[in-house]
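# Observations on chain architecture
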Amino acid sequence: MAEINGDELSDYIYNKILSDQHKSDNFLSQHKVYATKPKGHLRRTVKLDPIAEYFIYDVVYRNKSIFRPQVSGTRRSFGYRFKEGTHIPVHRAYVEYKAHLSECSGNFKHNIQFDIASYFNSLYHHDLTHWFASKDGVACVDSNAVGKFFREINSGRSVDFLPHGIYPCKMIGNEFLKFVDLSGLLKSSQIVRFMDDFTLFDNNPDILKQDFLRIQQLLGNFALNINPSKTYYDNKVGDIELTLTKIKQSLKEIIADYEEFTTASGVAVIETEVEVEVEKNLSQEQIEVLMTLLKDDDLEESEADLILNFLRAQSDSLLELLPILLERFPNIIKHIYSIFSGISDKEALAKIIHDFLHSGAPFLEYQLFWLGAILEDYLNGISLYGESLIKIYELTADFKIARSKILEIPEQGFGLKEIRDELLKTGQSDWLSWSSAIGSRSLPEGERNYVLDYFSKGSPMNFLVASSVKKI
């Protein structure tokens, strides 16, 4: 919709939603979704609708000058801003961050690592609104719009409103914490930050402890707290002593260039250029040992994710292990999705997905969403494709976003066309109907426009979705 109908989206936002003359047009309350984290934990966030998502990208991009570089050479923050007209890729920022941590570990005797507990979920929307409005160059119309956006997407609830995972929100979350970097009360020789992951370096442990207390007090002014279970003292690059598992010790023995730095929020799972280079140089013996490790009953999700990084180029060899990975590690399904692109035996892959969907295992919405993406991107036209699509549809009765993922796939067979027709005829305005309209894009033009004409009358959002599809 942004690519095809961007002007109309912008016009609706700035001339209707943000106009005092159109009281009935507002940002919609957003749908709660849950991404998976290790050991059965969930990360709660919202899935922005097309209007809301367009707005946050647009307003942040137009005000990109407020997202500044690091404060100084001794107060370093990495990533989540624009440089030379484009955003800094996360993996590149992380490589620079990791290199700087390594350098600091060699230069200073002591450090403290910590992160903010549930940072995005704990932010207060008035704090972010006031912060945004206070920035030089931000127009009054934009500051008021951001306040309205934060308030309305969460039905007026003042916390747990900021979406995870999308770049403009990460830019906001990263820049907001600059108040810590700028504090003159802090005396540590080096303060290094990647979003809400902090590392303080100094040769004097008393200075570190004092700054640690001061930072907690600074964060406390915004009701933010440090996560006690993820606070580390004198943790150096490659020094993984107590956290070193049997699997990770094996990895260090197999891959000489592999080193781990335990970041407070587990940012180390980000794919780095070093890991990509490592995968190209593995011997057959190393590959076989890594494949054996994937079968280990003691394997943890973070370890499986790391091994898959190294084995990315061995996609076909992973086929026999996929049932185990799918069943045991729901948290890494997005990573598994990226690996599937290299599997040449699509029939075998389709059979594995089909059997997994019919296994009777309990599913999370995050899993079903990415399984739908696997079917759409890699298995279209392969046997069991349609049956698996319908099975995901049946399994998502309580998962609106994952079900919508299936409905937006432009497949007209297997009964999906009839399911969409029913949803479009009701006039409802929600993710199921919007996705059904998008999924109708492969119908003959006359038939498609006929069903969209009635659907478009249901709401302004329906109209914008329908007009976008008609332009395809």
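Everything in this summary refers to the structure shown in the same document. (Residues numbered from 1 in each chain as written. Predicted model: local features only at pLDDT ≥ 70, side-chain atom pairs only at ≥ 80, totals over all residues. Heavy atoms only, no water.)

### Observations concerning the nonpolar core
By size, the foremost hydrophobic cluster in this structure holds 78 residues, and its most contacted members are Ile 51, Ile 56, Tyr 119, Leu 128 and Phe 149. Examining the composition of this core, we find that seven residues originate from one element, helix α2 (residues 50-62), more than from any other. Setting aside anything within four residues of it in sequence, one finds Ile 56 in contact with Leu 48, Phe 149, Ile 166, Pro 168, Cys 169 and Ile 172. Grouped together as the second largest cluster of nonpolar side chains are 57 residues, Leu 319, Ile 339, Ile 343 and Leu 416 included. (Core = buried A, V, L, I, M, F, W, Y, C linked by side-chain atoms within 4.5 Å. Buried < 20%, exposed > 50% of the residue type's maximum accessible area, 1.4 Å probe, protein only. Helix = DSSP H or I, 4+ residues; strand = E, 2+ residues; numbered from the N terminus. Contact = heavy atoms within 4.5 Å.)

### Regarding the pairing of strand β7 (residues 190-194)
Across the five residues of β7, five count as buried, placing the element largely inside the fold. Of the pairings in the sheet, the one linking strand β3 (residues 75-77) to β7 comprises three bridges and is parallel in character. Within β7, the residue paired with Arg 75 across the bridge is Ile 191. With five bridges connecting them, β7 and strand β8 (residues 197-202) associate as antiparallel partners. For Ile 191, the partnering residue across the bridge sits in β8 and is Leu 200. (Pairing = 2+ DSSP bridges.)

### Quick notes on helix α15 (residues 333-340)
The buried fraction of α15 is high, at six of eight residues. Of all the residues in α15, the buried ones are Ile 333, His 335, Ile 336, Tyr 337, Ile 339 and Phe 340. Of the surrounding secondary structure, the elements contacted by the buried residues of α15 are α13 (301-310), α14 (322-328), α16 (346-357) and α17 (365-378).

### Focus on the environment of Ile 172
Mapping Ile 172 onto the fold places it in helix α7 (residues 167-176). By relative accessible area, which is 3% here, Ile 172 ends up buried. Placed 197 residues apart in sequence, Ile 172 and Phe 369 show a C-alpha to C-alpha distance of 27 Å. Residue contacts for Ile 172: discarding those within four places in its chain leaves Ile 56, Val 60, Phe 67, Leu 128, Trp 131 and Phe 150.

### A look at the pattern of salt bridges
Taken as a whole and judged by the stated rule, the model has 19 salt bridges. A salt bridge links Arg 214 to Asp 211; the nearest nitrogen and oxygen atoms lie 3.6 Å apart. Of this pair, Arg 214 and Asp 211 are both found in helix α9 (residues 205-220), three residues apart, which corresponds to roughly one turn of the helix. For Asp 211, a relative accessible area of 0% corresponds to the buried category. Within this structure, Lys 32, Arg 44 and Asp 160 form a network of salt bridges that share partners. (Salt bridge = Lys/Arg side-chain N within 4 Å of Asp/Glu carboxyl O.)

### A short note on the environment of Ala 223
When you line up the elements, Ala 223 lands in the loop between α9 and β9 (232-233). Taking relative accessible area as the criterion, Ala 223 reaches 54% and is therefore assigned exposed. Sequence spacing of Ala 223 and Leu 123 is 100 residues, and the spatial spacing of their C-alpha atoms is 7.8 Å.

### A short note on a nonpolar patch on the surface
On the surface, Tyr 34, Leu 42 and Leu 364 cluster together into a nonpolar patch covering about 260 Å² of accessible area. In this structure, Tyr 34 sits in strand β1 (residues 31-36). A residue is classified by how much of its surface remains accessible, and Tyr 34, at 40% relative accessible area, is partly exposed. (Patch = residues over 30% accessible without salt bridge, like charges linked within 9 Å, V, L, I, M, F, W, Y side chains within 5 Å. Areas by Shrake-Rupley, 256 points an atom, 1.4 Å probe, with all protein chains shown as cover.)

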